[in-house]
Amino acid sequence: VAIVVPSCTEKPVDDPQKEEPTPEPDPEPDPEPDPKPEAAFEITLTGKTELSYTVDIIPADKEMTYFYLTETGKNLADRGLDTPEEIIAYDLEMIQAEAEAYEVTVEELVNEYYINVGDIYALTIQGIPPGEEFVVYAYGVEMGEGMPKPTTELVMLRDTTVASTPVEQPMAITVDVKGTN
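These lines cover the structure that appears in this document, whether it is placed above or below. (Residues numbered from 1 in each chain as written. Predicted model: local features only at pLDDT ≥ 70, side-chain atom pairs only at ≥ 80, totals over all residues. Heavy atoms only, no water.)

**Examining the side chain of Thr-161**
As a reminder of what qualifies: Secondary structure elements are defined from DSSP: runs of H or I of at least 4 residues count as helices, runs of E of at least 2 residues count as strands, and each element is numbered from the N terminus. Under this definition, polar contacts are N or O atom pairs within 3.5 Å; protein pairs additionally need one hydrogen-donor-capable and one acceptor-capable atom, and for neighbouring residues in sequence, both atoms have to be side-chain atoms. Working rule for contacts: check all heavy atoms of both residues, and any pair within 4.5 Å makes them a contact.
In this fold, Thr-161 is placed in the segment after β8 (155–160). A polar contact is formed between the side chain of Thr-161 and the backbone nitrogen of Gly-131, at a distance of 2.9 Å. Discounting chain neighbours no more than four positions away, the residues touching Thr-161 are Lys-48, Thr-49, Glu-50, Ser-52, Tyr-53, Ile-128, Pro-129, Pro-130, Gly-131, Glu-132 and Phe-134.

**With respect to the nonpolar core**
In plain terms, the rule: To define a nonpolar core, start from buried Ala, Val, Leu, Ile, Met, Phe, Trp, Tyr and Cys residues and group those joined through side-chain atoms within 4.5 Å. Burial classification: accessible surface area is computed with a 1.4 Å probe over protein chains only, and a residue below 20% of its type maximum counts as buried, one above 50% as exposed, and the rest as partly exposed.
Ranked by size, the top nonpolar core spans 19 residues in total, and within it Phe-67, Ile-95, Tyr-114, Tyr-137 and Tyr-139 carry the most contacts. Looking at this core, the elements with two or more residues in it are β3 (65–72), α2 (84–102), α3 (106–114) and β6 (133–144). It is α2 that contributes the most residues to this core, five residues altogether. Formed by 17 residues, the second largest nonpolar core is a distinct cluster that contains Ala-40, Met-64, Ile-125 and Val-136.

**Some words on a nonpolar patch on the surface**
Stated precisely, the cut-off is as follows: Patch membership is restricted to residues that have no salt bridge and whose relative accessible area is over 30%. Joining uses 9 Å for like charges and 5 Å for the nonpolar side chains Val, Leu, Ile, Met, Phe, Trp and Tyr. Exposure was quantified through the Shrake-Rupley algorithm and a 1.4 Å probe, taking into account, for residues, occlusion by the shown protein chains and nothing else. In what follows, salt bridge is the name for a side-chain nitrogen of Lys or Arg lying within 4 Å of a carboxyl oxygen of Asp or Glu.
Side chains of Met-171, Ile-173, Val-175 and Val-177 sit close together on the surface and give an oily, nonpolar patch of about 520 Å² of accessible area. Within the fold, Met-171 resides in the segment after β8. Residue class for Met-171 comes out exposed when judged on its relative accessible area of 73%.

Here you go:
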């Protein structure tokens, strides 16, 4: 004779004295990685034509002193200036050479022609050939021991002027020749 015993599990009796432990809350999810740090400048293209472009240069810190410069992409490439560090080093060398040529101190030259503070709106650069790449860049500086020292990363905008569109246009030339053979 076989006896079959159904399997069973014991159900605990509710004990009013005994409370179920509160489950641990899920740990806080890892915070999102910090967004990309705010750039030191916002350079915005606001217009361009065949021969010019217009930008706004807005520093994040309105009290910061800074340089902005403009160049063609071709000139940067011809000089082998591929990185922000190379561009800044070149700028500082040119400022030193320019000060020597004008027989003024670097600080005098920088304060007169290069240093900026605050927002610049509607800066228009003219004379760029049609379809040419142009570059506008800015970086914070402070004067230190006779030479400017960069205080921020270089922020750059690259774009191209509007290309010329050839237009066929009829033309008539009238010549009045007077004289003898």
